Amino acid sequence: MTAAIDAHELTRRFGNFTAVDAITFEVQAGEVFGFLGANGAGKTTAIKMLIGLLAPTSGTARVAEFDVTTDAESVRSHIGYMSQRFSLYDDLTVRENITLYGGIYGLTDAEIRDRGDGLIGRLHLEDAADARVQSLPLGWKQKLAFSVALLHRPAVVFLDEPTGGVDPITRRQFWDMIYDAAEDGTTILVTTHYLDEAEYCDRISIMVDGRIAAMGTPSEVKGRFGAASLDEVFLELVRPQSVSAVQHA
Amino acid sequence: MREARSGSDRRSALRAFVIKELHHIVRDRQTLTILLLLPLAMVVLFGFALRNDISEVRIGIVDASPDAATIALRNRLSGNPRLSIVAVAPTADIVEPLFRRGDADIALVFPVGFAESLSRGTAARLLLISDASDPNTASMMAAYVNAVIASYAADRGVNRQSVQIVPQFRMRYNPTLKSVNLFVPGLIALVLTLVTALMTAISLSREKERGTLEILLVSPLRPWQIIVGKVMPYLLLAFGNVITALLAAWLVFNVPFRGSLMLLLGSSVLFAMVGLALGVLIAALTASQRAAMLGALVVTMLPNTLLSGLIFPIASLPGWLQAITYFVPARWFIVIARGIMLKGVGMSNLWKEHVILVVMLVVLFTAAVRSFKARLA
Amino acid sequence: MSDQPLVVNAVTKRFGATIALDQVSLDMRPAELFGLVGPDGAGKTTLFRILTTLLIPDSGSATVLGLDVVKDLWAIRARVGYMPGRFSLYPDLSVDENLRFFASVFGTSIDEGRAMIEPIYKQLEPFKDRRAGALSGGMKQKLALCCALVHRPDILFLDEPTTGVDAVSRREFWDLLDTFKASGLSILVSTAYMDEATRCDRVALMQQGRVLAVDKPSVIAARYPRPLLAVHAAERHALLQILRAYPHAASVYPFGDNLHYSDSRADLSAETIAAEIRTFLATQSVSDVRVAPIAPSVEDAFMELMGSPAEPVEVAA
């Protein structure tokens, strides 16, 4: 079975600086993959290449079976994307956002209406459907943004720190939504700074200085480093000398 | 697996995008208001108000030997609705002060024995001097007066033969009627406004948007200190711009400079400070950088180009618009700059304009400091 | 009373129809590391703005270092260090230039503040001539902290200083805060990360403008009202459904590798319930099962105190 995401020696250089250094990994359909790394490790650059926004310097990647270098446009129309910094237009209403993204991804008016109604019902946003997105609390915005990213039923969805600043209950509801989508066969690649969320993933990778320093299921990764938590693994990889301090915690 | 996107998919995507943009525009009330009212205002201004024709010509008469003909011509002139005689004197030494004060547009000097020349049929040389610091209007005015004179001559010629009135034109202050001489003072005003009002408005509102302003507020700095600190570099920049503009005008275009350089530089600094105060006020009153920029353009650049006398003479504006120009700082600065550069006048003739600018500065600066609150709300 | 670095008394603040702060009260002890813990919309930033004299409360009062936030604003502004949310330094100035600027704004110099900022500055020193905009997220936050401390304030206000920063830099940041607290500085810091609550001396849990609890984190956690278990199985998602359907389940939430299960029967001991669940799960099709009682964390307590998440449409929408 072809992988939903397939990167091979994917590299990106900016002048002398190598932001992403020949990373290789695969994500199967329906997997929830945690793409982790410190700030500046190259995560954002790697994701930009995978979603067809940035051309690789060398190496290849296929997302939803399209090549990101030669067929970036097809990649972009077959994936969903949601980031913390930007997801929906604040000065448009819930319904208007749905109509907009539905239209952009080529859904018919009937599809937009049906799927939009379904989305609003599932999130219990009936009373807020005509309110501007900026008036919604953050947790609702994020849940809505995720649902809108799924509107055109993409094969792969990229989530960039989707739950920053959201309350702990809504965070978990968000992850329930992620699991539901994964069960439907959608592949999810998510980045997060919450290391407990990393544990929710089927598999994770940790990037350090442009390379993938660890990859596997959360238990595999912890086992390999003899760590009780991913926090310890992270610390070991990013600041090797401070491990001894952690082991008291 | 979906098929590749069809043509109708692309069209619907386009349609969705256009609708979204319309939503954005309609919901940004501040910007929308400006964008709708601005063209309307400009159409009204250009259509009704801004004209290059003349409404009034003020004439100073020098008549050493009044006789029947000079009086007849003078009456013909003052009888014309567009002409008014502002002074009559026997010698030519009233002309220069009239021009320097800006009290007359044209001076008409009658030769001695005017009536006699006419009745003998010899050429009577009439001297027609225009204040050509504004060369466009000067030519039009001179032509108009000349036409009135010619019609008088034609009427007399019905009764006698060969009446010859030969007007001789002099363009004072700008003998070659160079437009650049007209524009340079105004351009200095424009450049100063750009650097001061527009740039301060943008710089301050950017500080607000970025969030660094919050930290500056939670410090011993008082609002006026923040304001002065912010605008000081633009003042220096503006000063440098004046000098380069003057150098360019002088070296490249040979624009005359007949007055005091120090006075012009001082006046420029005064005008620049007015612009800075205005920029700060706009930044304090607007919510975003974009609104600040638009606001600065509408409140400063537009009046400075259209209503300051830079292009369209104030004298030909309708009364209500002329009243508005009193509030345009550039209007006063252009009078000052033209006076100094082209007429060589000094403070004694320009003190009124300076006082007005100082008053504007005080009012705007106070308002700016007041509106730049020490708190966020 | 006047030696308390901070006292907030029933402060309320509204923005239009939204109530940002609703009768919020709390106080700080000297040299305390006090945390405001809560998600976006809790009112943390509004509270910070009132305490740094940038906003005036609609009702209630507050004093900082014994000075009233409404009347004595200039006295307060000279003595506090403030780090607002989002990176708000000058990206086109270098590290040193930013520091020099903020030092001079407060009438001091880098040399005078050197001793105080030394622990952070030595991490920044290799980059001292680099443009602030070119620093990584963690470094930016350290620089911002430096700039807030360079004038040796008597109290420090940090609004979500670790948001968007990776786990390792966050840890280092809190290590730095411990150093400063040890030197006698009072620090009020806000965060949306529940795990950072345990690094504070005391915390105020906030949600939608209200304070849910104020106390030491361990005390708040211990007040969790029901027996709590950590349950693990290889099939996490299936386990979640199974436990949620269990008749005595009060709440079941994922917590990293485990699920936290709380039981509605508060009279039973955790060990008893653990044994019961173990037996129950043996009959289900899940493998690698581990069940053990667990001490509640601040996050458990927060979710309990929260009740339900915010409604999408607020009071007077």
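Conventions adopted
Residues numbered from 1 in each chain as written. Chains lettered and ligands numbered in written order. Predicted model: local features only at pLDDT ≥ 70, side-chain atom pairs only at ≥ 80, totals over all residues. Heavy atoms only, no water. Helix = DSSP H or I, 4+ residues; strand = E, 2+ residues; numbered from the N terminus. Rg over C-alpha atoms; globule rule 2.2 N^0.38 Å. Buried < 20%, exposed > 50% of the residue type's maximum accessible area, 1.4 Å probe, protein only. Contact = heavy atoms within 4.5 Å. Areas by Shrake-Rupley, 256 points an atom, 1.4 Å probe, with all protein chains shown as cover. Lys, Arg positive; Asp, Glu negative; His and termini not counted. Charge placed at Lys NZ, Arg CZ, Asp CG, Glu CD. 1 Å grid on protein atoms, 1.4 Å probe; cavity = no way out; pocket = protein on both sides within 12 Å on 5 of 7 lines; lining within 4 Å. Points joined across faces, edges and corners; volume = space filled by probe spheres on them. Nonpolar A, V, L, I, M, F, W, Y, C, P; charged D, E, K, R; others polar. Buried area = accessible area lost by both parts, 1.4 Å probe. Salt bridge = Lys/Arg side-chain N within 4 Å of Asp/Glu carboxyl O. Polar contact = N/O pair within 3.5 Å; in protein donor to acceptor, adjacent residues only side chain to side chain. Patch = residues over 30% accessible without salt bridge, like charges linked within 9 Å, V, L, I, M, F, W, Y side chains within 5 Å. Core = buried A, V, L, I, M, F, W, Y, C linked by side-chain atoms within 4.5 Å. Pairing = 2+ DSSP bridges. Axes fitted to C-alpha atoms, helices over the stretch in contact; angles between N-to-C directions. Parallel < 35°, antiparallel > 145°, perpendicular 65-115°, else oblique. pLDDT = per-residue confidence, 0-100.

Colleague: Explain the overall build of chain A here, please?
Modeller: What chain A contains, in helices and strands, is 10 helices and 10 strands. At 19 Å, chain A has a C-alpha radius of gyration in line with the 18 Å of a compact globule built from 249 residues. In terms of its C-alpha atoms, chain A occupies a principal-axis envelope of roughly 55 × 45 × 35 Å. Counting the 249 residues in chain A, one finds 60% classified as buried. The long-range fraction of contacts in chain A, counting pairs at least 24 apart against all pairs at least 6 apart in sequence, stands at 66%.

Colleague: Got a minute to help me understand the overall build of chain C in this structure?
Modeller: Per the secondary structure count, chain C includes 10 helices and 14 strands. Principal-axis analysis of the C-alpha atoms places the extent of chain C at approximately 70 × 45 × 40 Å. Looking at the 317 residues of chain C, the share that counts as buried comes to 55%. Pairs at least 24 residues apart make up 68% of the contacts formed inside chain C by residues separated by at least 6 positions. Of the accessible surface of chain C, which amounts to about 12400 Å², a share of 51% is contributed by carbon and sulfur atoms. Of the side chains in chain C, 32 bear a positive and 39 a negative charge, and the two mean positions are spaced by 3 Å.

Colleague: I would appreciate a short explanation of the layout of surface pockets in the present structure.
Modeller: Empty pockets left among the atoms are what a rolling probe the size of a water molecule brings to light. A volume near 1400 Å³ is recorded for the second largest pocket. If you go around the second largest pocket, you meet 41 residues; those closest to its centre are Asp196, Ser229 and Asp231 of chain A together with Arg171 and Asp195 of chain C. Elements that contribute at least two residues to the lining of the second largest pocket include exactly helix H7 (195–198), helix H9 (230–238) and helix H10 (243–246) of chain A together with helix H6 (167–182), strand S13 (258–263) and helix H10 (298–306) of chain C. A total of 7 residues in the lining of the second largest pocket trace back to one element, the largest contributor, which is H6 of chain C. When its residues are assigned to classes, the lining of the second largest pocket shows 17 nonpolar, 7 polar and 17 charged.

Colleague: Teacher, can you tell me more about the interface of chain B and chain A here?
Modeller: Interfaces are often sized by the amount of accessible area the parts lose when they come together. If you look at the interface, chain B gives 14 residues, while chain A gives 20 residues. Of the roughly 1500 Å² buried between chain B and chain A on both sides combined, carbon and sulfur atoms contribute 52%. Scanning the region where chain B abuts chain A turns up 2 salt bridges. Residues Arg15 of chain B and Asp109 of chain A are paired through a salt bridge, measuring 3.4 Å at the closest nitrogen-oxygen approach. Put simply, chain B and chain A have 5 residue pairs in polar contact (both at pLDDT 80 or more) between them. A per-class count over the side of chain B that touches chain A returns 4 nonpolar, 3 polar and 7 charged.

Colleague: How should a nonpolar patch on the surface be read in this particular structure?
Modeller: Taken together, the side chains of Phe239, Ile243, Leu247, Trp250, Leu251, Val252 and Phe253 of chain B define a hydrophobic patch exposed on the protein surface, amounting to about 700 Å² of accessible area. Mapped onto the fold, Phe253 of chain B is located in helix H9 (residues 223–253).

Colleague: Can you help me understand the nonpolar core in this one?
Modeller: In a soluble, globular protein the nonpolar side chains are often hidden away together inside. Among the nonpolar cores identified, the biggest contains 151 residues, and Leu6, Val64, Leu145 and Phe157 of chain C are the most heavily contacted of them. Residue contacts for Leu145 of chain C: discarding those within four places in its chain leaves Met83, Ile120, Leu156, Leu158, Phe173, Leu177 and Phe180 of chain C.

Colleague: When you look at the pairing of strand S2 (residues 17–27) of chain A in this model, what are you seeing that I'm missing?
Modeller: Put simply, side chains in a regular strand alternate between the two faces of the sheet. All names here are of chain A. Inspection of the sheet shows strand S1 (residues 5–14) paired to S2 by 7 bridges, in the antiparallel sense. Considered in S2, the bridge of Leu10 is made with Ile23. The hairpin formed by S1 and S2 contains 2 residues between the paired strands, and Gly15 there has a positive phi angle of roughly 65 degrees.

Colleague: Looking at this model, I keep getting lost on the interface of chain A and chain C. Mind explaining?
Modeller: Facing 39 residues of chain A, the contacting portion of chain C comprises 36 residues. Interface area, chain A with chain C, both sides summed: about 3000 Å², of which 59% is carbon and sulfur. Here chain A and chain C share 5 salt bridges between them. Linking chain A with chain C are 12 residue pairs in polar contact (both at pLDDT 80 or more). Sorting the residues of the side of chain A that touches chain C by element identifies helix H5 (138–149), helix H6 (168–183), H7 and H9 of chain A as the ones contributing at least two each. At 9 residues, the largest contribution of residues to the side of chain A that touches chain C is made by H6 of chain A. Here the side of chain A that touches chain C is built from residues that sort into 19 nonpolar, 8 polar and 12 charged.

Colleague: Looking at this structure, I do not really get H10 of chain C. What am I missing?
Modeller: What sets the pattern is the α-helix's 3.6 residues per turn: residues three or four places apart point alike. With 7 of its 9 residues buried, H10 of chain C lies for the most part within the structure. Of all the residues in H10 of chain C, the buried ones are Val298, Glu299, Asp300, Ala301, Phe302, Met303 and Met306 of chain C.

Colleague: How should the pattern of salt bridges be read in this particular structure?
Modeller: Once the charged atoms of two side chains with opposite charge are near each other, the side chains can pair. Residue and element names in this part refer to chain A. Under the counting rule described, the total for this entry stands at 46 salt bridges over all chains. Of the charged contacts, one joins Lys222 and Glu199 as a salt bridge, the two residues approaching to 3.1 Å between their closest N and O atoms. Placement of the pair is Lys222 in helix H8 (residues 218–225) and Glu199 in the loop between H7 and strand S9 (203–208), with a sequence separation of 23 residues. Since its relative accessible area comes to 7%, Lys222 is described here as buried.

Colleague: Just to check I follow, could you spell out the packing of H6 of chain A against H10 of chain C for this structure?
Modeller: In contact at an axis separation of 9 Å, H6 of chain A and H10 of chain C are set at 95 degrees when each is read in the N-to-C sense. The orientation of H6 of chain A relative to H10 of chain C falls into the category roughly perpendicular. Here Pro168, Ile169, Arg171 and Arg172 of chain A of H6 of chain A lie close against H10 of chain C, whose contacting residues are Glu299, Phe302, Met303 and Met306 of chain C. Here the contact of H6 of chain A with H10 of chain C is composed, by residue class, of 5 nonpolar, no polar and 3 charged.

Colleague: How should the sheet that holds S2 of chain A be read in this particular structure?
Modeller: The strands making up a sheet associate through backbone hydrogen bonding, with each pair oriented either parallel or antiparallel. All names here are of chain A. Here we have 4 strands laid out as an open sheet, ordered S2-S1-S4-S5, and antiparallel in their pairing. Each edge of the open sheet is held by one strand with a lone partner, namely S2 and strand S5 (66–67). Seen against the sheet, helix H1 (residues 43–50) touches S1, S2 and strand S4 (58–63) and runs at an angle of roughly 120 degrees to S1.

Colleague: Could you clarify how one ought to interpret the side chain of Thr212 of chain B in this entry?
Modeller: Within the element layout of this structure, Thr212 of chain B appears in helix H8 (residues 212–217). A residue is classified by how much of its surface remains accessible, and Thr212 of chain B, at 1% relative accessible area, is buried.

Colleague: What is the right way to read the environment of Arg79 of chain C from this model?
Modeller: All names here are of chain C. With respect to the helices, strands and loops of the structure, Arg79 is situated in helix H2 (residues 73–79). Along the chain, Arg79 and Phe106 lie 27 residues apart, while their C-alpha atoms are 9.0 Å from each other. Other than its neighbours up to four places away in sequence, Arg79 contacts Leu65, Leu67, Pro153, Asp154 and Ile155. A polar side-chain atom of Arg79 sits 2.7 Å from a polar atom in the side chain of Asp154.

Colleague: Quick question: what am I supposed to make of unusual backbone geometry here?
Modeller: Non-glycine residue Glu65 of chain A carries a positive phi angle of around 70 degrees. With respect to the element layout, Glu65 of chain A can be found in the loop between S4 and S5. When its relative accessible area of 41% is taken as the criterion, Glu65 of chain A is described as partly exposed. The phi torsion at Thr53 of chain C lies on the positive side, around 65 degrees, for a residue other than glycine. Summarising the element assignment, Thr53 of chain C is placed in the loop between helix H1 (44–51) and strand S4 (59–64). Note on Thr53 of chain C: relative accessible area 0%, which makes it buried.

Colleague: Would you mind showing me how to read the confidence of the model for chain A here?
Modeller: Residue and element names in this part refer to chain A. With 96% of its residues at a pLDDT of 70 or more, chain A shows a mean pLDDT of 89. The lowest-confidence element of chain A is H10, averaging 44 in pLDDT; the highest-confidence one is strand S8 (residues 187–191), averaging 95. This stretch, residues 242–249, has a pLDDT under 50; its non-local contacts, to residues over four places away or in other chains, come to 6 contacts.

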